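Chain by chain, the residues run as shown.
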Amino acid sequence: MQFRDLHRQYEAMKAEMDEALLGSARSGAYIMGPQVAELEQQLAAYVGVKHCITCANGTDALWLAMRALGLQPGDAVFVPDFTFFSTAEAAAILDLRPVFVDVDPDTYNMDVADLERKWQQTWESGLTPAAVVAVDLFGRPANYNAIVDFCNKKHIPLIEDGAQGFGGSIGGRKACSFGHISTTSFFPAKPLGCYGDGGALFTDDDQYADLLRSLRVHGKGSDKYNNIRLGLNSRLDTIQAAVLQVKLRHFDDELRAVNHVAKRYTELLRGKVHVPEIPDGIVSSWAQYTIQVENRDELQARLKTNGIPSMVYYPRTMSRQTAFAHLGQEPCPVADRLSQTVLSLPMHPYMTDEEIETVASLI
Ligand SMILES: *Cc1c(COP(=O)(O)O)cnc(C)c1O
């Protein structure tokens, strides 16, 4: 069994995909070919925002968002303690100061009460609180009702790191629309993945959109060889845009399929291990299906013996990363505990009911 079966996905859309791949090979327009702008329009429409700006990967997207927001070296940026490294790395690389916020043990997302506490401590320590980066971990949108209120009250911008969240929604409003700038990743295993690295930013703000389009191409001005600021070389390849156009056509079917898989897992496992429960009105894109168990190593070994892959996302919190040791931040207790108990199960749109039952019965 595969953890995320990308081969089955390819087989399911093979004819269209082969045509898209060969079409972009034949076109010769390998950088910023017409598929890139088309895809940006389609993604913006899907998410329900004015602008989509694609880029080279989800980590660059975070860097670009922080640059476009004008965050200054030394400014404090609040990020969840339980996330993929990039979220905090992007801030640290810009000499911003990541401040780690604990998460909710059921949603895995930023705990707004701890955000308030960390904001207060940061303020008292003399640092300037400058932005919040909320993560839609494992596909579930963060608690944006409360986080957006908090950011408005404090007059600081919100970045939504939707690398795992693309496709999710709250009350019909799509993930990647909640931040002043939102980001996503098209790494192959993400809910919407390409055949390599890719990423995108979303915003309703015309000025941010113009800045992002400049920053992703070396800070270009009105023409390419007039550079008015420092940026990156961070474009999405034409061939990846072509792949994503095909996958986007199938995306809502895949979203329905992963929600079916999650529902089956939950029916079979509820009451036996801690399962993710998603309330009515919230849709997860199920980047991961993550349970919590006390005997994780034992369970993981048992699954492995039976040919079932499983993964630990994440075994180490941000405050315990060596790269952030110099920040000297207190560890976050909930995130610490999760790093010891979480286990992610095989999850993708092409899992059969039989496979789901095999995994569940072993657990
Ligand atoms: C994958 C991921 C990223 C980074 O995306 P890349 O495309 O791999 O650079 C950022 N944040 C989160 C939460 C992620 O899961």
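Given the structure is predicted, the values throughout are model-derived calculations rather than measurements.

Lay out the packing of aromatic side chains in plain terms, naming residues and giving numbers.
This model, assessed by the stated rule, comprises 18 aromatic pairs. Here Phe84 and Tyr314 contribute two aromatic rings whose centre-to-centre distance is 6.4 Å and whose plane-to-plane angle is 40°, an arrangement assigned as tilted. With Phe84 in the loop between β2 (76–80) and α5 (86–93) and Tyr314 in the loop between α10 (296–305) and α11 (333–341), this pair connects stretches of sequence that are 230 residues apart. Judged by relative accessible area, Phe84 falls into the partly exposed class, the value being 42%. An aromatic cluster of three or more residues is present, and its members are Phe3, Phe82, Phe84, Tyr108, Phe138, Tyr313 and Tyr314. Taking the ring centre of Trp119 as reference, the NZ or CZ of Lys154 above it sits at 4.0 Å.

How would you explain the sheet that holds β2 if you had to name every residue and give the values?
Read across the open sheet, the 7 strands follow the order β1-β9-β8-β5-β4-β2-β3; overall the sheet is mixed. Looking at strand neighbours, the two that pair on one side only are β1 (51–55) and β3 (97–101), the edges of this open sheet. Taking the axes of each pair of neighbouring strands and ignoring which way they run, one obtains an average angle of 25° across the sheet. In terms of strand pairing, β2 meets strand β4 (residues 129–135) through 3 bridges, oriented parallel. Among the inter-strand pairings, Ala76 is bridged to a residue of β4, identified as Pro129. Strands β1 and β9 (199–203) of the sheet are contacted by helix α3 (residues 34–47), whose axis makes an angle of about 130° with β1.

Explain the domain arrangement of the protein chain to me, using residue names and the numbers behind them.
Looking at the protein chain, the domain boundaries give domain 1 (6–101 + 109–246) and domain 2 (252–362). The gap between the C-alpha centroids of domain 1 and domain 2 is 23 Å. Tallying the contact residues gives 35 residues for domain 1 and 35 residues for domain 2. A per-residue breakdown of the area domain 1 buries against domain 2 is headed by Asp81, Phe82 and Phe138, which together make up 27% of the total. If you look at where domain 1 meets domain 2, you find 1 salt bridge. Counting every contact that joins domain 1 to domain 2 gives 21 residue pairs in polar contact (both at pLDDT 80 or more). At the level of elements, α1 (6–12), α5, β3 and β6 (169–170) are the ones that each hand at least two residues to the side of domain 1 that touches domain 2. Sorting elements by how many residues they give to the side of domain 1 that touches domain 2 places β3 first, with 5 residues.

Mind laying out the site of the ligand, listing which residues take part and the relevant values?
Around the ligand sit 14 residues in total, of which Gly58, Thr59, Asp161, Ser185 and Lys190 are the nearest. One nitrogen or oxygen atom from the side chain of Thr59 is found 2.5 Å from an oxygen atom belonging to the ligand. Lys190 has a polar side-chain atom sitting 2.6 Å from an oxygen atom of the ligand. For the ligand, whose free accessible area comes to 380 Å², the fraction covered by protein is 93%. Mapped onto the shell around the ligand, the elements with two or more residues apiece are α4 (58–68) and α5.

So, how was this worked out
Residues numbered from 1 in each chain as written. Predicted model: local features only at pLDDT ≥ 70, side-chain atom pairs only at ≥ 80, totals over all residues. Heavy atoms only, no water. Phe/Tyr/Trp six-rings, centres within 6.5 Å; stacked < 30°, edge-to-face > 60°. Helix = DSSP H or I, 4+ residues; strand = E, 2+ residues; numbered from the N terminus. Buried < 20%, exposed > 50% of the residue type's maximum accessible area, 1.4 Å probe, protein only. Lys NZ or Arg CZ within 6 Å of the ring centre and 35° of its normal. Pairing = 2+ DSSP bridges. Axes fitted to C-alpha atoms, helices over the stretch in contact; angles between N-to-C directions. Contact = heavy atoms within 4.5 Å. Domains from an automatic or database assignment. Buried area = accessible area lost by both parts, 1.4 Å probe. Salt bridge = Lys/Arg side-chain N within 4 Å of Asp/Glu carboxyl O. Polar contact = N/O pair within 3.5 Å; in protein donor to acceptor, adjacent residues only side chain to side chain. Near = heavy atom within 4 Å. Areas by Shrake-Rupley, 256 points an atom, 1.4 Å probe, with all protein chains shown as cover.

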